[in-house]
Amino acid sequence: MTDIAVNITDVSKKFRLYHERNQTLKAAIMRGRTSVHEDFWALNDVSFDVPRGSTFGLIGSNGSGKSTLLKCLAKIYTPDRGSITHNGKMAALLEVGSGFHHELSGRENIYLNGSILGMSKKEIDRKYDEIVEFSGVERFIDQPVKNYSSGMYVRLGFSVAIHVEPDILVVDEVLAVGDAEFQEKCFKKFRDLKTNGKTVILVSHAMSTVLDMCDHAAWLSKGELMMAGPVKETVDAYKSSLNLGE
Ligand SMILES: Nc1ncnc2c1ncn2[C@@H]1O[C@H](COP(=O)(O)OP(=O)(O)OP(=O)(O)O)[C@@H](O)[C@H]1O
């Protein structure tokens, strides 16, 4: 078995930025089907490995490409160049409410989201009570989730994701919307996963959290990898770049 949970090699991802030169309907009709756009590379030749069993922080300023990279990991986006390979079962919690159907109840969404993440109905039946208990939203479990607060969404989403028992758990900044008690519960869960040799990849703007939780980190800036390695060195380098006005 390899010591690498995720290998990212020369990953680039581009988006199209559309520019409307003239906003009138007449101009749009005259222009026909052609549109004016430029290619924007949100990730540019990014390569690094995530060691198995590490808690790995992804850091960098707003718009540096962290969420785009996580979406490539979770196969929501396909990179335009490069490759990503991972060893083991992956579960991802990316945006508040992603994978949930707003009209359905919390109970129905546990089954929907659980099966999207690869659990069988039998497995969800078995874990259902634990999922609800960890989420702390028991009272509202039969209400449509469109009435949930963002913290409640994240509680339920996180609870489903960890009950998939993934080898690699990928979490975007979403935990920040949970309250202090729930965040502490999540951090405890990260420690348990680490003790059991599982890998956690998380995005955070809170450097104290990254230093506290992670052993490794990668720093992205404007879609490029600036540094990947032990957490302290990487966070220090990122912080000094901010003092210098990166
Ligand atoms: N679907 C999209 N279409 C066009 N541009 C996009 C799209 N998704 C992301 N981008 C652009 O890609 C860049 C990287 O965005 P991304 O969300 O990955 O950054 P981030 O590091 O996660 O930022 P933040 O810390 O603010 O969450 C940004 O400039 C953003 O505008």
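Residues numbered from 1 in each chain as written. Predicted model: local features only at pLDDT ≥ 70, side-chain atom pairs only at ≥ 80, totals over all residues.

**Q** How should the sheet that holds strand β2 (residues 37-51) be read in this particular structure?
**A** Spatially, three strands are ordered β2-β1-β4 in an open sheet, and the strand pairing comes out antiparallel. Each having just a single partner strand, β2 and β4 (81-86) make up the two edges of the open sheet. Along the sheet, successive strands turn relative to each other by an average axial angle of 25°, direction set aside. Relative to β2, strand β1 (residues 4-18) is paired through eleven bridges, and the arrangement is antiparallel. By the bridge assignment for β2, Leu17 is matched with Glu38. (Pairing = 2+ DSSP bridges. Helix = DSSP H or I, 4+ residues; strand = E, 2+ residues; numbered from the N terminus. Axes fitted to C-alpha atoms, helices over the stretch in contact; angles between N-to-C directions.)

**Q** Teacher, can you tell me more about the nonpolar core here?
**A** Buried together is how nonpolar side chains tend to be arranged in soluble globular proteins. Grouped together as the largest cluster of nonpolar side chains are 65 residues, with contacts concentrated most on Ala161, Leu169, Val170, Val171, Val200, Ile201 and Ala217. Element by element, the count of residues in this core is highest for helix α5 (residues 150-163), at eight residues. Among residues more than four places away in sequence, those in contact with Val170 are Leu70, Leu73, Ala74, Met90, Ala92 and Ile201. (Core = buried A, V, L, I, M, F, W, Y, C linked by C-beta atoms within 7 Å. Buried ≥ 20, exposed ≤ 12 C-beta atoms within 10 Å, placed from the backbone. Contact = placed C-beta atoms within 7 Å.)

**Q** Explain the pairing of strand β8 (residues 216-221) to me, please; I cannot follow it from the model alone.
**A** On any regular strand, side chains alternate: one points to one face of the sheet, the next to the other face. Extensive coverage of β8 is indicated by the burial of five of its six residues. Pairing geometry for β8 and strand β9 (residues 224-230), over six bridges, is antiparallel. Paired with Ser221 across the bridge in β9 is Glu224. Once β8 ends, the chain turns through two residues before running back antiparallel as β9, passing Lys222 with a positive phi of about 50°.

**Q** Sorry if this is basic, but what is going on with the site of the ligand here?
**A** Every residue close to the ligand is listed here: Phe15, Ala42, Gly60, Asn62, Gly63, Ser64, Gly65, Lys66, Ser67 and Thr68. With three residues, the top contributor of residues to the shell around the ligand is helix α2 (residues 66-73). Split into classes, the residues belonging to the shell around the ligand amount to two nonpolar, seven polar and one charged. (Near = placed C-beta within 6 Å. Nonpolar A, V, L, I, M, F, W, Y, C, P; charged D, E, K, R; others polar.)

**Q** Would you take a moment to explain the confidence of the model for the protein chain for this structure?
**A** Keep in mind that low pLDDT regions are not for reading the predicted coordinates in detail. When pLDDT is averaged across the protein chain, the result is 91; 95% of the residues are at 70 or more. Our summary of model confidence lists the complex with pTM equal to 0.89 and ipTM equal to 0.98. (pLDDT = per-residue confidence, 0-100.)

**Q** Just to check I follow, could you spell out the packing of helix α4 (residues 121-135) against α5 for this structure?
**A** Each pair of packed helices gets described by two things: the angle between the helix axes and the distance between those axes. Between α4 and α5, whose axes approach to 8 Å, the crossing angle comes to 140°. What the angle tells us is that α4 and α5 run oblique. The element α4 and its partner α5 pack so that their crossing is right-handed. Side by side, α4 and α5 meet where Lys127, Glu130, Ile131, Phe134 and Ser135 of the first sit next to Arg155, Leu156, Ser159, Val160 and His163 of the second. Its residues assigned to classes, the contact of α4 with α5 shows four nonpolar, three polar and three charged. (Parallel < 35°, antiparallel > 145°, perpendicular 65-115°, else oblique. Left-handed = near helix turned anticlockwise from the far one by under 90°.)

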